[in-house]
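Chain residues, written in single-letter form:
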Amino acid sequence: MSKDVTKDMTTGKPLLLILQFAFPLLIGNFFQQMYNVADAAIVGRFLGPKALAAVGASSSVQFLVLGFCIGICCGFGVPIAQRFGGKDYRSMRAYIWHSIFITIAAAVLLTTICALLCPAILHILTTPANIYKDAYIYLLLFSWASLVLYCTICFRAYFVPLATAKHLFCFWCFPPY
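Residues numbered from 1 in each chain as written. Predicted model: local features only at pLDDT ≥ 70, side-chain atom pairs only at ≥ 80, totals over all residues. Heavy atoms only, no water.

1. Things to note about helix 3 (residues 59–85)
In step 1: With 27 residues, helix 3 ought to run about 39 Å at 1.5 Å a step, and its terminal C-alpha atoms sit 37 Å apart, in line with that.
In step 2: Taken as a whole, helix 3 has its buried residues at V61, Q62, V65, L66, C69, C73, G77, P79 and I80.
In step 3: K87, located one to two residues past helix 3, shows a positive phi value of around 60 degrees. (Helix = DSSP H or I, 4+ residues; strand = E, 2+ residues; numbered from the N terminus. Expected span 1.5 Å × (residues − 1). Buried < 20%, exposed > 50% of the residue type's maximum accessible area, 1.4 Å probe, protein only.)

2. Quick notes on helix 4 (residues 89–116)
In step 1: Across its 28 residues, helix 4 extends 40 Å between first and last C-alpha, which sits within 8% of the 40 Å expected from 1.5 Å per residue.
In step 2: For helix 4, the complete set of buried residues consists of M92, I96, S99, T103, A106, A107, T111, C114 and A115.

3. Comments concerning unusual backbone geometry
In step 1: Its identity as a non-glycine residue notwithstanding, K87 has a phi of 60 degrees, on the positive side.
In step 2: Among the secondary structure elements, K87 is positioned in the loop between helix 3 and helix 4.
In step 3: The residue T126 is not glycine, and still its phi comes out positive at about 50 degrees.
In step 4: Considering the arrangement of structural elements, one finds T126 in the loop between helix 5 (118–124) and helix 6 (129–159).

4. Some points on the environment of I42
In step 1: Here I42 shows up in helix 1 (residues 14–47).
In step 2: For I42, a relative accessible area of 47% puts it in the partly exposed group.
In step 3: Distance from I42 to L52, taken between C-alpha atoms, is 9.1 Å for residues 10 residues apart in sequence.

Dropping the structure here:
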């Protein structure tokens, strides 16, 4: 016999339900930020200021691409959560599969465009010549590695509304990237 791990957030005291759900997420986001700080510290300390500058030079492009992907995935998460709340599991599965297909297509398109336009993007950003090569390599690697990131973002956006806060805490604290 399997135990149902979903939490009905429509019954009970709203403030308590929201706090019980939000607290593990806030802690998870804190650990995610600490990961980013540690990542910058490692790059700066072991690879040097030039490598850290190269990573920083391409961060705005990363933010733009990831923000677009997060927006798409979260937008798809809304009808999925609505179907789940309405217990219309057949429609929910259809939304999930259609959104996965569209997300994969968008991810491949964004990755290809970003990879092909790396030199132009860095030129528009007026990347200094002394870090251009490192920034180009980093942005190119990020472009291709982002396919995995899109899948992770997609997974989070689709299944966050369906999970318990404890599961989300573990997923946010120990990201796959």
